[in-house]
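Working through the structure, step by step
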Amino acid sequence: MRRTRVLPYAAAFAAALMVGTGLAPAAVAQAPAAGHAVAPELDTYWNAARMTAALPFDADREGEAQPTDDGPRPGEHIPPSRSFDGIPQAGTFFWTDATGTGRTCSGSVVRSPGRDLVLSAGHCLKGYSGASPKRHLGFVPQYHDGLKPFGIFPVKDDGVYVAQEYYDLGEHAGAAYDVGFAVTGPNEDGKRLEDLTGGVQLLTDTGYFHVPVRMIGYPANAAKPLECWSWTTEWPSDDPADPGTFLRIACDAFVGGTSGGPMLVPRPAGWAVIGVIGGYHTGGDTPQVSYSAYFSTAVRALYRAAVTGAPPAGPTT
């Protein structure tokens, strides 16, 4: 596996703050985030010991065990997650069919001209494409404790956008394309999604190293979503079945159902999204480490297709 040399702690922290967020270190804790201030405990949480423990491994550090799979690294600090009531820009999907209803995966509202777009993982959405899917999706922003504070926004039957490469290659060989968008209709009151919740900014080609990162996801059957503060690093795949280079993030307790949940960074105008849980091994094999496909040209093209109403891709069989 390819290794990445690390910068000294102080330089790495400063570089990540300025490159990953566009903000000077002193400004990050005060950055507005769509009505939700960045956690005030962030400065004390990321002490020197935790930052050093979270740094990516350096191949030149002799005598240390090196990772051989996608689990936690030896001695790595795993930031804890916590249950909370969520934010308006993140939510979960419900499905309905002739047999009943259920809940699946997570997503986030991204800013778009139609004010109706949800970002998630491709493996969460690909089964719902087509003019007449057997199952129908609805997005519920800030769902918690059985409450739907903004209502349910049905995903249009022709509104699921997943890259054609993901259909053609499959969820493993196509792991680098594991991103999807869902175009929603108005809720039961006729309101558009983003008009009620606001949206996060979609960022692409921003590199792999970001700090701080706030990850949010909805564990299956949990009453509330989880959030965790951590940072992302580069993960060149060590599995030929799942080729590509991905974002990697250590955060505890992100289990099934959190797929599609956003990885958010603070920006002056609010939260921005740089990844979603998915990609390598459809998001990871352990609850402590998650992944995302890298947001680049394919994601920009997929976003343009969704906002312009281009015909969605689909299975070729």
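What this report covers is the structure whose coordinates are included nearby. (Residues numbered from 1 in each chain as written. Predicted model: local features only at pLDDT ≥ 70, side-chain atom pairs only at ≥ 80, totals over all residues. Heavy atoms only, no water.)

**Describing the nonpolar core**
General note: in soluble globular proteins, nonpolar side chains tend to be found buried as a group. So the rule is basically this: Take the buried Ala, Val, Leu, Ile, Met, Phe, Trp, Tyr and Cys residues and link them wherever side-chain atoms come within 4.5 Å; each set so joined is a nonpolar core. Only protein chains enter the calculation, and the probe is 1.4 Å; a residue is then buried if its accessible area is under 20% of its type maximum, exposed if over 50%, and partly exposed in between. Numbered from the N terminus, helices here are DSSP runs of H or I no shorter than four residues, and strands are runs of E no shorter than two.
With 24 residues, the main nonpolar core has Val110, Leu119 and Phe181 as its most contacted residues. Secondary structure elements with two or more residues in this core: strand E4 (117–120), strand E7 (180–184), strand E13 (270–276) and helix H8 (297–308). The element that contributes the greatest number of residues to this core is H8, accounting for five residues. Judged by nonpolar contacts, the second largest core, of 20 residues, contains Val109, Phe153, Tyr166 and Tyr167.

**Details of the environment of Pro212**
Position of Pro212 among the secondary structure elements: in strand E9 (residues 210–217). Owing to a relative accessible area of 2%, Pro212 belongs among the buried residues under this scheme. A sequence separation of 52 residues divides Pro212 from Leu264, and the C-alpha atoms of the two residues are 8.5 Å apart.

**A word on the side chain of Asp116**
Quick note on the threshold: The convention is simple: Lys and Arg are positive, Asp and Glu are negative, and His and the chain ends are not counted. Counted as salt bridges are all cases of a side-chain nitrogen of Lys or Arg within 4 Å of a carboxyl oxygen of Asp or Glu.
As for its placement among the helices and strands, Asp116 is situated in the loop between strand E3 (100–110) and E4. For the buried residue Asp116, which engages in no salt bridge, the nearest side chain bearing the opposite charge is Lys156, 4.6 Å off.

**Notes on the pairing of strand E2 (residues 90–97)**
For a regular strand, side chains alternate in direction, first toward one face of the sheet and then toward the other. This is how it is decided: Following DSSP output, two strands are said to pair if at least two bridges run between them.
Of all eight residues in E2, six are buried; the element is thus mostly enclosed. As paired strands, E2 and E3 are joined by eight bridges and run antiparallel to one another. Note on E3: the bridge partner recorded for Ala90 is Ser108. As paired strands, E2 and strand E5 (residues 136–141) are joined by six bridges and run antiparallel to one another. Residue Phe94 lies in a different strand from E5, and its bridge partner there is Gly138.

**With respect to the pattern of salt bridges**
Applying the stated rule across the entire model yields nine salt bridges. For the salt bridge of Arg300 with Asp205, the shortest nitrogen-to-oxygen distance reads 2.2 Å. Remark: Asp205 occurs in the loop between strand E8 (201–202) and E9 and Arg300 occurs in helix H8; sequence separation between them is 95 residues. According to the relative accessible area criterion, Arg300 is partly exposed, its value standing at 29%. Ionic pairing is found between Arg214 and Glu227, a salt bridge with its closest N-O pair at 2.6 Å. Note that Arg214 is positioned in strand E9 and Glu227 in strand E10 (residues 226–236), a separation of 13 residues in sequence. Of the two residues, Arg214 and Glu227, neither departs from the other in class, the shared state being buried. Residues joined in a network through salt bridges with shared partners are Arg115, Arg192, Glu194 and Asp195.

**Side note on the state of the cysteines**
Worth spelling out the cut-off: For the purposes of this analysis, a disulfide is any pair of cysteine sulfur atoms at a distance within 2.5 Å.
This model, assessed by the stated rule, comprises two disulfides. Covalently, Cys105 is tied to Cys124 through a disulfide, its sulfur atoms 2.1 Å apart. The sign of the S-S torsion, about -80°, decides the handedness of the disulfide formed by Cys105 and Cys124: left-handed. You can see Cys105 sitting in strand E3 and its partner Cys124 sitting in helix H5 (residues 122–125), a full 19 residues away along the chain.

**Let's talk about the packing of aromatic side chains**
Here is the rule we go by: Aromatic contacts are taken between Phe, Tyr and Trp rings whose centres are within 6.5 Å, Trp giving its six-membered ring; a plane angle under 30 degrees counts as stacked, one over 60 as edge-to-face, and the others as tilted.
Evaluation of the coordinates by the stated rule reveals 10 aromatic pairs. Both rings, one in Phe181 and one in Tyr303, keep their centres 5.9 Å apart while their planes meet at 65°; by these two values the pair is edge-to-face. In this pair, Phe181 is assigned in strand E7 and Tyr303 in helix H8, connecting sequence segments 122 residues apart. Between the aromatic rings of Trp229 and Trp271, the centroid separation amounts to 6.0 Å while the plane-to-plane angle is 55°, which identifies the pairing as tilted. Linking Trp229 in strand E10 with Trp271 in strand E13, this pair joins segments that are 42 residues apart in sequence. Overall, Trp229 belongs to the buried group, its relative accessible area being 11%.

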